[in-house]
Amino acid sequence: MVAVHQVLPVFAPRDAIGNHTAAVRRCLRSMGIGGEIIAGEVVPGAPDAAQTVRRARPSRLAAEEPVLWLYHASTGSPVAEWFAELPGPKAIDYHNITPADALEPWEPHVAVELRHGRRQLASLTGVARWALADSAYNEAELVALGYEWTAVVPILLDTAQLAAVEPDPTAVAELKARKASTGGADLLFVSRLLPHKRQDDLVKALAAYRLGFDPAARLTLVGGVGSARYADALGDFVADLGLQRAVTFAGSVPPAQLAAYFQLADVYVSASAHEGFGVPLLEAMAHDVPVVAYGSTAVPETVGDAGVLVASSSPEVLAAAVHRVVCDSALRDSLVARGRRRLQSLGLPVSTAALRAAVTSILDAAGLAAR
Amino acid sequence: MSEIDLSRIQDEIAEEVRRRRAAGDFPPGLEQELDAMFAKYAPAGTSDDFDDVLAAAEAQSFIHADVPTASQRRPLAYVKRVLRKTMAWYVRFVAQQVTAFAGTVTRAVALLGHRVEALERVTLVSRPPLVAPTVDASAVVVPALAGVPGRVLHAECGTGALVGALAAAGADAYGVEPVEAAAMEAAQAGLDVRADTAMAHLGKLAPAALGGVVLSGCVDWLAPGDVLALVDLAVRALAPGGVLAVTSVGPRAVSPVVADLSPGRPFHAETWRHVLSGHGLEIAQVAALSGVAPVLAPVPAGTPGADVLNANIDRLNAELFAGDAYAVVARKPR
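All of the points below concern the structure found in this document. Here, residues in each chain are numbered from 1, in the same order as that chain's written sequence. Lettering for chains starts from A, numbering for ligands starts from 1, and both go in the order in which the items are written. The predicted origin of the model limits local features to residues at a pLDDT of at least 70 and limits the giving and counting of side-chain atom pairs to 80 or more, whereas totals for whole chains, interfaces and linings rest on all residues.

Quick word on the overall build of chain B
To keep it simple, the criterion reads: By the criteria applied, helices consist of DSSP H or I runs no shorter than four residues and strands consist of E runs no shorter than two, each listed in order from the N terminus. The quantity called the radius of gyration is restricted to C-alpha atoms. Its globule counterpart is 2.2 Å times the number of residues to the power 0.38. Burial is judged by counting the other C-beta atoms within 10 Å of a residue's own C-beta: 20 or more makes it buried, 12 or fewer makes it exposed, and any count in between marks it as partly exposed, with every C-beta position built from the backbone. Two residues qualify as being in contact provided that their C-beta atoms, derived from the backbone, are within 7 Å of each other.
Counting its secondary structure elements, chain B contains 12 helices and 7 strands. Computed over its C-alpha atoms, the radius of gyration of chain B comes to 27 Å, more than 25% above the 20 Å expected for a compact globule of 334 residues. Reported as C-alpha extents along the three principal axes, the dimensions of chain B are approximately 90 × 70 × 40 Å. Taken across its 334 residues, chain B has 34% of its residues classed as buried. Taking contacts inside chain B between residues at least 6 apart in sequence as the whole, the part at least 24 apart equals 69%.

Observations concerning the pairing of strand β7 (residues 326-331) of chain B
All names here are of chain B. Selection criterion: Between any two strands, pairing holds if DSSP finds at least two bridges.
Across the 6 residues that make up β7, a large majority, 6, are buried. Of the two faces of β7, the one holding Tyr 326, Val 328 and Ala 330 and the one holding Ala 327, Val 329 and Arg 331 are both buried throughout. When strand β5 (residues 238-248) meets β7, the two strands line up antiparallel, connected through 6 bridges. In the strand pairing of β7, Ala 245 is matched with Val 329. Two strands pair when backbone bridges link them, and strand β6 (residues 282-288) and β7 are joined in this way by 6 bridges, in the antiparallel orientation. From the neighbouring strand, Ile 283 faces β7, where its bridge partner is Ala 330.

A look at helix α6 (residues 161-168) of chain B
Residue and element names in this part refer to chain B. Of all the positions in α6, only Leu 162, Val 163, Gly 164, Leu 166 and Ala 167 are classed as buried. Lining the buried residues of α6 we find α5 (138-144), β1 (151-155), β2 (173-176), α7 (180-188), β3 (193-194) and β4 (210-215). Looking one or two residues beyond α6, the residue adopting positive phi is Gly 170, at roughly 100°.

Focus on the interface of chain B and chain A
Between chain B and chain A, the contact holds 29 residues from the first and 33 residues from the second. Among the elements of the structure, α1 (6-23), α2 (30-39) and α3 (50-60) of chain B are those that each provide at least two residues to the side of chain B that touches chain A. In terms of residue count, α1 of chain B provides more of the side of chain B that touches chain A than any other element does, 8 residues in total.

Remarks on helix α15 (residues 348-365) of chain A
Residue and element names in this part refer to chain A. Going by this rule: To estimate how far a helix should reach, multiply one less than its number of residues by 1.5 Å.
The first and last C-alpha atoms of α15 sit 25 Å apart over 18 residues, in line with the 26 Å expected at 1.5 Å per residue. Tucked into the core, α15 has its buried residues touching β1 (3-11), α1 (16-30), β4 (67-73), β5 (90-94), β6 (130-133) and β7 (149-152). Just downstream of α15 lies Gly 367, where phi reads positive at about 75°.

Here is the structure:
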């Protein structure tokens, strides 16, 4: 029996990497491979059982059976150094590390952590022989750092279940009443409030859209506060523009309320300057909401041909793209149909097959498969 | 259901933006105005300005010893307050040392900045306080940029004559100009011209954000290393199929004052051909330009012997300064 033990800085609920880690464990078990999840911090409500680095006994785990250690790299953490010292063959799964420059003026301590993460990722080339990436964009970064064996394994996401939650009827009724009273299109974006997610560009785009096309349009920003200073600046900016009634900061919401926002949205719009993958783009497709996105980093790879990608995050360009999608019913229908196909192409059967193939290759190369 | 061609949709969206801008639905400088509004609320250091970042570092070098104690659970807030009080002697001691260290580092960086400034003064990296001769390149540049895939930037554009000509020809054109008075004059004429340097503006753009870039003015006096860095940024900002045009007064058209005080000189057309090809662009056109603005000014009419003097001045202008102005047009491969 072989074990693949997964190591990550934080194992948390309602977190894309946490959910992915739990899904990887399920996939490995279906292959007859066991393994623990070991995290620097295990947040209550995490999607699976896990132990902390402090309590883990790696030497004992390695002595019990042949092991492969798999580290999920997404930020700077002392856990990466702990991982580097583990006995036995190692691989990493790279979920991208946000470039520090975007966060530096807003949250300098986070920027330091991210820079540290990039340095750790580079130093792990001498430790981890195999590297998985959840997009070709991320894989290219690994190759540039000198990783010799790489493979793309998309995030294990049950795309068939992305729209399975019933929308909160109270929230739906409120949103419908608002739409009925003032009219106007509803724009939606889902992500924590962070400078590189560029919610400020979305507010600018809304201002341009209201100016040029639809004076009653609204923007809903769903997601908790990732940077308090950025969130404060956004609030002040919205007030300065006089858009308090047009922009809703919904915060982090339960799945049923999120489903209500998706149900009432006319268009999902992203101006994000950095995405390693972009799960909410797929959530929008799952809810049949057409996508308009600034084609930065891994966004084009995730969206494929199922959204309108624009080359600039200029407010006028985003506004015109939103206008086109809102007004062109044939385009909307086409994007919705393409979105469904896109979800199939990135669904669990495809991503688990990619993971199985990659794990099999790694275990073969590590001489662990035949034991 | 028939399949929709998304690239055609993207082109139509770009055309819609162009039409709305031309119609005034999107006023000139809207994006700039919105950016400036948000910048008011951004913390110091968001820009790449050295003084701005240094000010942010100074502000953050003070380490607060009084940690927040608020909590949604009142007993926890009480415990935090007690801990803060009992730990104050320790936390303050450590915070003072970290503050002292951060302050010293910030001071050292500031001193380094002063040294760099002094070095810049010696090497004249700054813009010369002079107006270089200009050239009307619209006859070549406007047709060369027709139908490019996206917005067209003219950097640095002066009072925006070429921006106006491009816009009149249907291009979605805007400009940047570091001389604020010139930028303001252009903006007052209804053109989308922003006060910025070519280098700073191109550095802020996302890759492939533009359909066309015209470089002029600064390329004639920047140091060669800066010109090459500018070309790097311009090529990065161009979308596949986009066009880069460089216009220059040519090496002979530089006045002695500019020649003596500028860090760089205008390149020969052949040099630009080499530089742009080296950046992976396909050279589409190298055209001689006429109409270099005269460097030597005529004497006022009515001055004794004005006719003879001005005829000689015209000949000197033609002989010394005209004749090698040019435009080089290159295309980024798709």
